[in-house]
Amino acid sequence: MTASRITAVYLAAESTYGVDPDSDGSDYLPIRFDGLADPVDATEIEEIGNASGRNEPAELQVTRSGAKLSLTIPLYGYAAGSGDGDAAPTADVLDLLLANVCGTALQATGGEGVNSGSGASTLVLDASVTGLVVGTLVPVYLGASDTPIRTHWRRVGNAASAPTYSVVPDWSSTPTTSAIMYGVRGYGQANNLQTPTTGLAAIVNRGGTLHRLLGGRITSMSFDLTAGKVARMSVGLSFDSYEEGATAASLPAITTYPSAIIQTLAPCYWGSTLVPYKSIKIDMRPKVVEVQSAAGTNGRGGMEVVEIDPMITIDPAWAPSTWNSAFQAGTASELLVQIGGGYTSSGRPNAMCFHARRAQINTAPTIVDDGGYLRNSVSMVALGSGSSGTYRWMLARC
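**Topic: a nonpolar patch on the surface**
- Together, I45, L60 and V62 line one region of the surface with nonpolar side chains, adding up to about 310 Å² of accessible area.
- Relative to the elements of secondary structure, V62 occurs in strand β5 (residues 59-64).

Below is the structure:
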């Protein structure tokens, strides 16, 4: 008997498009996901005229390989926090996915302690932090006296007086010398998109049979953040080739994964306004183009990300004077969405953050009856940053 729940996925970044980066699988990294991983064989077949002089159908000819894979992944921060004096977090398997669509990390900052003198809208660190510039995101753990204990994310508004930084929005509690700013890896867009990795290779174990998928690119990515639930990321991937019955003798053993992010103690700010909500969905909406090339094994030279246009859907408490008025006025404000409250008993921050420099409501807010409680459904899009070099959107982990 083959048990259907025998399933695993291992990922690795390619250095050459469509070429296995490690045939024995030892350099691949396992990733946690919900449910089962079912690779779809997307091999293409064309009809070719029979022309036999008989009443017969056309012949069929296989033209090129391909595959698709969909995963829903519980989100998590880094296995270990980058605290006071530590370097930026080391990229892990979740970073392989983010870099495949978002490109090279825009932010890779280490951790630093907090000095005295922070104010309502400032953060004073023990020392300046390389890479901590306007638009980057900072997660600050205030210490054991914070009630409840959690991590607070903010955007750096000004770094000209480092190690004193202005932050947006204002702190809900002013950091003291017991606070720590944790290290971050962040992905985003300034003037143009960052260059994504060449391709993604995947080995999928389905019922004990290995499937090797090469030349992968994420074609869809979204985040589902529901109050009191595990935060999740859904991705759809397209691949250049598909092999069933592959061998990989040295795939890493899977023991345990880091604990997932729970969407609690995770505020959302639109401008300076704190927005209570039931759920938020962030759809990154990447536009991916297959680069056709007759020189390629399957007629492809790669898959390029040409646009990323995040759309954010929020269901706050019903407040027409806020949401309908903002829609009718064409108001654009900063949007900061914290993913998870962060900070575990082991000192692991375990949180993420999404930030859009200018978000505008793009359709008229609707009314939702949530079991007798009225809510709005509000859809926003991330606009241009408004000035050259300013980060348009950022997605960060700690």
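**Description of unusual backbone geometry**
- Following T147, the chain continues into P148 via a peptide bond in cis, with omega recorded as -10°.
- With respect to the secondary-structure elements, P148 resides in the loop between β10 (137-141) and β11 (151-161).
- Although it is not a glycine, A51 adopts a positive phi angle of roughly 50°.
- Tracing the sequence through the fold places A51 in the loop between β4 (44-48) and β5.
- A residue is classified by how much of its surface remains accessible, and A51, at 82% relative accessible area, is exposed.

**Structural notes on the packing of aromatic side chains**
- This model, assessed by the stated rule, comprises one aromatic pair.
- Over the aromatic face of Y78 sits the side chain of R397, whose NZ or CZ is 4.1 Å from the ring centroid.

**A few points about the pattern of salt bridges**
- Within the structure shown, the criterion is met by 17 salt bridges.
- With a shortest N-O distance of 2.4 Å, R206 and D38 are connected by a salt bridge. Residue R206 is located in strand β15 (residues 199-206), and its partner D38 is located in the loop between β2 (29-31) and β3 (40-41); the two are separated by 168 residues in the primary sequence.
- Judged by its relative accessible area of 42%, D38 is partly exposed.
- Salt-bridge contacts for D92 lead to R397; the nearest nitrogen and oxygen are separated by 2.8 Å. Taken together, the residues span a long stretch of sequence, with D92 in the loop between β6 (67-74) and α1 (93-102) and R397 in strand β29 (residues 393-397) at a distance of 305 residues.
- The exposure class of D92 is buried, given its relative accessible area of 18%.
- Using a relative accessible area of 1% as the deciding quantity, one classes R397 as buried.

**Side note on the environment of L237**
- The residue L237 is located in strand β17 (residues 232-239) in this model.
- On the basis of relative accessibility, which here comes to 4%, the residue L237 falls in the buried class.
- Remark: the alpha-carbon pair of L237 and G216, spanning 21 residues in sequence, is separated by 6.3 Å.
- Discounting residues that sit within four places of it in the chain, L237 has contacts with A67, K68, L69, L97, L200, R217, I218 and T219.

**Concerning the nonpolar core**
- By size, the foremost hydrophobic cluster in this structure holds 63 residues, and its most contacted members are L97, F223, M233 and L335.
- A per-element tally of this core places α1 first, with eight residues.
- In contact with M233, not counting residues within four places along its chain, are L71, T72, I73, L75, L94, L97, L98, M221, S222 and F223.
- Listed in part, the 14 residues of the second largest apolar core include L123, L125, V167 and W171.

**What to know about the state of the cysteines**
- Scanning all chains against the criterion turns up zero disulfides.
- Free cysteine C102: the closest other cysteine sulfur is in C353, separated by 14 Å.
- Classification of C102 by relative accessible area gives buried; the value is 2%.
- C353 takes part in no disulfide bond, and the closest cysteine sulfur, belonging to C398, lies 9.2 Å away.

**Considering the sheet that holds β11**
- Spatially, β8-β13-β10-β11-β12-β9 is the arrangement adopted by the six strands of the open sheet, whose pairing is antiparallel. Two strands close off the open sheet at either side, each with one partner strand: β8 (112-113) and β9 (122-124).
- When β8 meets strand β13 (residues 180-181), the two strands line up antiparallel, connected through two bridges. Considered in β13, the bridge of G113 is made with I180.

**A word on the side chain of H152**
- Relative to the helices and strands, H152 is located in strand β11.
- A polar contact of 2.8 Å, which involves the side chain of H152, links it to the side chain of D146.
- Engagement of the side chain of H152 in a polar contact is seen with the side chain of R150, the distance being 3.2 Å.
- Those residues in contact with H152 that lie beyond four places of it in its chain are V138, P139, V140, L142, D146, W171, S172 and Q338.

**Overview of the side chain of D315**
- Turning to its location among the elements, D315 is positioned in strand β24 (residues 311-316).
- Here D315 occupies a buried position and makes no salt bridge, while the nearest side chain of opposite charge, R375, is found at 4.6 Å.
- Among the polar contacts made by the side chain of D315, one reaches the main-chain amide nitrogen of K278 at a distance of 3.2 Å.
- In contact with D315, other than residues within four places in its own chain, are Y277, K278, S279, R375 and N376.

Reading the values: the criteria
- Residues numbered from 1 in each chain as written.
- Predicted model: local features only at pLDDT ≥ 70, side-chain atom pairs only at ≥ 80, totals over all residues.
- Heavy atoms only, no water.
- Patch = residues over 30% accessible without salt bridge, like charges linked within 9 Å, V, L, I, M, F, W, Y side chains within 5 Å.
- Areas by Shrake-Rupley, 256 points an atom, 1.4 Å probe, with all protein chains shown as cover.
- Salt bridge = Lys/Arg side-chain N within 4 Å of Asp/Glu carboxyl O.
- Helix = DSSP H or I, 4+ residues; strand = E, 2+ residues; numbered from the N terminus.
- Buried < 20%, exposed > 50% of the residue type's maximum accessible area, 1.4 Å probe, protein only.
- Phe/Tyr/Trp six-rings, centres within 6.5 Å; stacked < 30°, edge-to-face > 60°.
- Lys NZ or Arg CZ within 6 Å of the ring centre and 35° of its normal.
- Contact = heavy atoms within 4.5 Å.
- Core = buried A, V, L, I, M, F, W, Y, C linked by side-chain atoms within 4.5 Å.
- Disulfide = S-S within 2.5 Å.
- Pairing = 2+ DSSP bridges.
- Polar contact = N/O pair within 3.5 Å; in protein donor to acceptor, adjacent residues only side chain to side chain.
- Lys, Arg positive; Asp, Glu negative; His and termini not counted.

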